[in-house]
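# Commentary on secondary and tertiary structure
These are the residues of each chain, in order.
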Amino acid sequence: MRVIRTIVSKLYLYVLWAFLAVLLLGSVFLRLTDTDAAHKVVLFADVPAISDRELAWALEQKAPAGIRMVQVHPFSYAMFDAENLLSADLYIIPESHVEDYAGSFRSLEGAGFDPEGGYFREGELWGLKVWDHQSGQGVAAAYIQYPDEDCWLFVNGGSGHIRSLTGQGDDGAIEIARALLETASLPPRP
């Protein structure tokens, strides 16, 4: 009986140590499985649902040299950490929210994308249509549940992976955008 009382009286310490151990191990796991921004491309999608891990894996198979990781997240992933959202390289945005985020985007003029059906702003190509609500056709439809409106793919103007637009860094985000637009060639995850 005395042993049980001792254990119960110190239970809060055991719970505290367990909590700290989980935090420490989680931090170590994150550092081991993540890479720096120079070697990864991050895509955020403002859609109802997305198979983020599967799409990330499929896009990684098409990643150019120098890009070791592709991360795909829904906007809800950044609920408590807006920095992740602001530092992403690519965004899939529904038409009704485009103007809310437009200050983060960069024109795609000079990246070699087909302007047909694109999102134009002040006469320049800014976005690429990834979902056509009228036809029900879009890219990565096996991975993304789109909303009931057109959706567009945009690049973050601050990305380090848009050399053809800024002259700095690499073109990792541009190449991942191309791979996303060619989803017929994306392999399913084994």
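Scroll up a little and you will see the structure.
## Brief notes about the overall build of the chain
Counting its secondary structure elements, the chain contains seven helices and nine strands. Here the chain has a C-alpha radius of gyration of 21 Å; the compact-globule value for 190 residues is 16 Å, and the former is much larger. Overall, the C-alpha framework of the chain stretches about 80 × 35 × 35 Å when taken along its three principal axes. Among the 190 residues that make up the chain, the fraction classed as buried is 38%.

## Observations regarding the packing of aromatic side chains
For the structure shown, the criterion picks out eight aromatic pairs. Geometrically, the ring pair formed by Phe44 and Phe75 is edge-to-face, given 6.2 Å between the ring centres and 80 degrees between the ring planes. Of the two residues, Phe44 sits in strand 1 (residues 40–45) while Phe75 sits in the loop between strand 3 (69–74) and helix 4 (82–86), which places them 31 residues apart along the sequence. By relative accessible area, which is 0% here, Phe44 ends up buried. Residue classification places Phe75 among the buried positions, given a relative accessible area of 14%. With a centroid separation of 4.1 Å and an interplanar angle of 5 degrees, the aromatic rings of Phe105 and Phe154 are classed as stacked. Separated by 49 residues along the polypeptide, Phe105 in the loop between helix 5 (98–101) and strand 5 (119–121) and Phe154 in strand 9 (residues 151–155) bring together distant segments of the chain. Each member of the pair, Phe105 as well as Phe154, carries the same accessibility label: buried. Counting every residue linked through ring pairs, the aromatic cluster contains Tyr91, Phe105, Tyr119, Trp152 and Phe154. One Lys or Arg, Arg121, reaches over the ring of Trp126 and ends 5.3 Å from the middle of that ring. Lying across the ring of Phe113, Arg178 places its NZ or CZ 4.5 Å from the centre.

Reading the values: rules and limits
- Throughout this description, residue numbers start from 1 for each chain and increase along the sequence as written.
- Note on the predicted model: pLDDT of at least 70 is required for a residue's local features to be given, and 80 or more for side-chain atom pairs to be given and counted; whole-chain, interface and lining totals, by contrast, use all residues.
- The side-chain values count all of the structure's non-hydrogen atoms but skip hydrogen atoms and water molecules.
- Comment: elements are numbered from the N terminus, with helices defined as DSSP H or I runs of at least four residues and strands as E runs of at least two.
- Using C-alpha atoms as the atom set, the radius of gyration is obtained and then compared with a globule rule of 2.2 Å times the number of residues to the power 0.38.
- The cut-offs for exposure are 20% and 50% of the maximum accessible area for each residue type, with area from a 1.4 Å probe on protein chains only; residues under the lower value are buried, those over the upper are exposed, and the others partly exposed.
- To pair, rings of Phe, Tyr and Trp, with the six-membered ring standing in for Trp, must have centres within 6.5 Å; the planes then decide the type, stacked if under 30 degrees apart, edge-to-face if over 60, and tilted in the middle.
- Definition used: whenever NZ (Lys) or CZ (Arg) falls within 6 Å of the ring centre and also within 35 degrees of the ring normal, the charge is taken to sit over that ring.

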